[in-house]
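Examination of the molecular architecture
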Amino acid sequence: MSDQFDVVVIGGGPGGYVAAIRCAQLGLKTACVEQWINKQGKPALGGTCLNVGCIPSKALLESSERYEEIAHYNGPHGISVEGLHINVPQMIARKDEIVQQLTGGIAQLFQANNITWLQGSGQLLPNNQVKVTGHDAGSQTVSAKNVIIATGSTSIELPIAKWLDTRIVDSTGALDWETIPKRLGVIGAGVIGLEMGSVWRRLGAEVVVLEAMDEFLSAADRDVAKAAALQFKKQGLDIRLGSKLGNVTVGDNGLTLTYSDSQGQKTLEVDRLIVAVGRKANTQGLIGEGLNLQLDERGRVIVDDHCKTNLPNVYAIGDCVRGPMLAHKASEEGVCVAESIVGQKPHLDFNCVPWIIYTHPEIAWVGKTEQELKAAGVTYRSGSFSFAANGRAKAMDQAAGLVKVLADAKTDRVLGMHIVGPMASELIGQGVIAMEMEASSEDLARMVFGHPTLSESVHEAVLAVDGRALHAVNRKR
Ligand code: FAD
Ligand code: NAI
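Only a predicted model underlies this, so the values are computations on that prediction, with no experimental measurement involved.

Quick word on the overall build of the chain
Helices and strands together make up the secondary structure of the chain, namely 13 helices and 22 strands. For the chain, the spread of C-alpha atoms along the principal axes amounts to about 75 × 60 × 45 Å. Taken over 477 residues, the chain has a buried fraction of 51%. Long-range contacts, defined as pairs at least 24 residues apart, comprise 62% of the intrachain contacts of the chain with a sequence gap of at least 6. For the chain, the accessible area works out to roughly 22000 Å², and carbon and sulfur atoms hold 51% of it. The centroid of the 45 positive side-chain charges in the chain is displaced by 3 Å from the centroid of its 52 negative side-chain charges.

So, in structure tokens, the structure goes:
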């Protein structure tokens, strides 16, 4: 007889492991199937996010930012350093250590919560049976009252730029380089292109980013995207919009890329290439014979607003379903599914899921952009405040960027907050709280913000919605 669980989660990334922990907290007998083998050749939990995504990329962004700050930005503070050097292998080893600590922490949480970790790859069979093929190729079948699919995503490979040792890589490869490329090409000016391009540019690579679209960061508010593009240009990140990749030739002295833009055919010589053109759902091999689990045209599991699939008691969450591919979105879906399994009525508002890009300056937003409100015919008021007039940002020597708030013209409810600037990743939490609490811009305007803080820029932006910012000249209304 196969082992019987209340819940079997397939995938132990931030969607799956959080779902498993919440299920266990709620008293459900829970197992999680995870197939990941880490750099050290050991089974690991944490998925893309902890192993090769959010955490390692932020570790390298931090190291490279510190290096660049010392190399280029400490002059105005009166600090100068001679003989600056970066030990790249040590930087990578530090990143690996953080990854090992955090993924090990998830294994401890599993133990503490009595969650069974089934090591190997899971396949969903009829009647909520899950076949687990272990790393030694042996297999077992477990059965579950409920199954949560949380198999995540992997990088899309371009047929014209297939992965090639350390020369043509995805984000995972670019997290492990132990030397700095002299000339680096990046395909795709999306989140990964900007973050990983920034890491290696800060360390000294000449970086050219080829982006197919004519518009930069089309999902972001235009004012924010424009301000960010200006800063990236100043830093020397060469982003070429409207560039369609033709082919990539591998030579002895590097890679030759041909691409076309509005001016015609061009070539680019680089030493290494990061291809970051999006990610695809991991659903290959997941569905056993005789099972009619519905997928969409992009291979994602089709789910409703409660993450229910077309099969009874089978749910799917995170990167393998619709919606943004973000760790916090995956985790919150995991919590919601666990709570709904025990009959609770959880709620997740996708409109309040923040987006954060950890470049310098950081870019963050929540809710609607101005272009989305215009397209939807919503009447709104807008208020912006520049970090150039914020005392704390000035003191930090990080006064580039702005906070922009959009509020409904009739109800004054906050509809969106958009930030480019220092610690935007942390500041955006204020927008999330405001939107979740259905606050008006006036609610925020009447609150007291500490001085001198970056948060005062949020305060000034909401005051500006009503034309009464105190440290800026207000637009006439
Ligand atoms: P995953 O994290 O992909 O986990 C899925 C897990 O399922 C994997 O461990 C996989 O091994 C396992 N699995 C798959 N199939 C099977 C199977 N059949 N059997 C058993 N196990 C299986 N998001 C953010 O919010 N913030 C960031 O800063 C951020 N930075 C990122 C940086 C990079 C370089 C990348 C690549 C991504 C980043 N993301 C970030 C996105 C984030 O990593 C994903 O949105 C998140 O990991 C999705 O979680 P998930 O649990 O759905 O999937
Ligand atoms: P992305 O969707 O963010 O960006 C891909 C970019 O590549 C787009 O701008 C697209 O127009 C462009 N593109 C596609 N095909 C192209 C081609 N042939 N030539 C040139 N450009 C092309 O995808 P990305 O950067 O790969 O990241 C995947 C996902 O991972 C993100 O959508 C995000 O959800 C997640 N992520 C989140 C992070 C964060 O939250 N800070 C950090 C990194 C990744």
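Quick notes on the site of ligand 2
Near ligand 2 lie 19 residues; those nearest to it are Ile192, Glu211, Gly278, Met325 and Ile356. For ligand 2, a nitrogen atom lies 2.9 Å from a polar atom in the side chain of glutamate 195. Between ligand 2 and the protein, one listed contact pairs an oxygen atom with a side-chain N or O atom of glutamate 211 at 2.6 Å. Expressed as a share of its isolated accessible area of 840 Å², the protein-covered part of ligand 2 is 76%. Secondary-structure elements contributing two or more residues to the shell around ligand 2 are helix H6 (191-202) and strand E18 (355-357).

As for the environment of serine 139
Position of serine 139 among the secondary structure elements: in strand E6 (residues 139-149). As a C-alpha pair, serine 139 and glycine 122 span 17 residues in sequence and 9.6 Å in three-dimensional space. Here serine 139 is in contact with Lys131, Val132 and Thr133, once residues within four sequence places are set aside.

A short note on the site of ligand 1
In the vicinity of ligand 1 there are 37 residues, among which Glu34, Thr48, Lys58, Gly122 and Asp319 approach most closely. Within the backbone of alanine 327, an N or O atom sits 2.9 Å from an oxygen atom of ligand 1. Histidine 328 has a polar side-chain atom sitting 3.3 Å from an oxygen atom of ligand 1. For ligand 1, the accessible surface in isolation is 990 Å², of which the surrounding protein chains cover 94%. For the shell around ligand 1, the secondary structure elements donating two or more residues are strand E2 (30-34), helix H2 (47-52), helix H3 (54-73), strand E4 (121-125) and helix H8 (327-341).

What to know about the nonpolar core
One finds Met91, Leu184, Trp200, Phe216, Leu217, Ile274 and Ile363 to be the most contacted residues of the largest nonpolar core, which totals 39 residues. With residues near it in sequence (within four places) discarded, methionine 91 still touches Leu60, Ser63, Ile86, Trp200 and Leu203. If you look at the next biggest cluster of nonpolar residues, it comprises 28 residues, including Ile356, Val366, Met417 and Ala445.

Considerations on the side chain of arginine 202
Relative to the helices and strands, arginine 202 resides in helix H6. It is glutamate 68 that comes nearest to the buried, bridge-free arginine 202 among opposite-charge side chains, at 4.1 Å. At 3.2 Å, the side chain of arginine 202 and the side chain of serine 64 are in polar contact. Apart from the residues lying within four places of it in its own chain, the contact partners of arginine 202 are Leu61, Ser64, Glu65, Tyr67, Glu68, Tyr358, Thr359 and His360.

Brief notes about the domain arrangement of the chain
What the domain assignment reports for the chain is domain 1 (2-154 + 280-348), domain 2 (168-277) and domain 3 (352-465). On a C-alpha basis, the centres of domain 1 and domain 2 stand 28 Å from each other. Taken together, the contacts link 20 residues of domain 1 with 17 residues of domain 2. Ranking the residues of domain 1 by area buried against domain 2 places Val52, Leu61 and Glu68 at the top, with a combined share of 29%. In this assembly, domain 1 and domain 2 are joined by 4 salt bridges. Salt-bridge contacts for lysine 95 lead to aspartate 176; the nearest nitrogen and oxygen are separated by 2.7 Å. Here domain 1 is connected to domain 2 by 7 residue pairs in polar contact (both at pLDDT 80 or more). Every element with two or more residues in the side of domain 1 that touches domain 2 is listed here: H3 and helix H4 (88-112). With 10 residues, the top contributor of residues to the side of domain 1 that touches domain 2 is H3. Across the side of domain 1 that touches domain 2, the residue classes tally to 11 nonpolar, 3 polar and 6 charged.

Digging into H3
Where H3 is concerned, the buried positions are Pro56, Ser57, Ala59, Leu60, Leu61, Ser63, Ser64, Tyr67 and Glu68. Looking at the packing, one finds that the buried side of H3 touches H2, H4, helix H5 (171-174) and H6.

Describing the sheet that holds strand E10 (residues 206-210)
Reading across from one edge, E8-E15-E9-E10-E11 is the order of the 5 strands in this open sheet, with parallel pairing throughout. Single-partner strands in this sheet number two, and they are strand E8 (168-169) and strand E11 (238-240). Pairing between E8 and strand E15 (residues 272-275): 2 bridges, direction parallel. Counted as the bridge partner of valine 169 is isoleucine 274 from E15.

Concerning the pattern of salt bridges
Evaluated as defined, the whole model comprises 28 salt bridges. One salt bridge connects arginine 201 with glutamate 68, and the closest N-O pair in it is separated by 2.8 Å. Note that arginine 201 is positioned in helix H6 and glutamate 68 in helix H3, a separation of 133 residues in sequence. The structure contains a network of salt bridges with shared partners spanning Arg381, Asp412, Glu442, Arg446, Asp466 and Arg468.

Thresholds applied
- Residues numbered from 1 in each chain as written.
- Chains lettered and ligands numbered in written order.
- Predicted model: local features only at pLDDT ≥ 70, side-chain atom pairs only at ≥ 80, totals over all residues.
- Heavy atoms only, no water.
- Helix = DSSP H or I, 4+ residues; strand = E, 2+ residues; numbered from the N terminus.
- Buried < 20%, exposed > 50% of the residue type's maximum accessible area, 1.4 Å probe, protein only.
- Contact = heavy atoms within 4.5 Å.
- Areas by Shrake-Rupley, 256 points an atom, 1.4 Å probe, with all protein chains shown as cover.
- Lys, Arg positive; Asp, Glu negative; His and termini not counted.
- Charge placed at Lys NZ, Arg CZ, Asp CG, Glu CD.
- Near = heavy atom within 4 Å.
- Polar contact = N/O pair within 3.5 Å; in protein donor to acceptor, adjacent residues only side chain to side chain.
- Core = buried A, V, L, I, M, F, W, Y, C linked by side-chain atoms within 4.5 Å.
- Salt bridge = Lys/Arg side-chain N within 4 Å of Asp/Glu carboxyl O.
- Domains from an automatic or database assignment.
- Buried area = accessible area lost by both parts, 1.4 Å probe.
- Nonpolar A, V, L, I, M, F, W, Y, C, P; charged D, E, K, R; others polar.
- Pairing = 2+ DSSP bridges.

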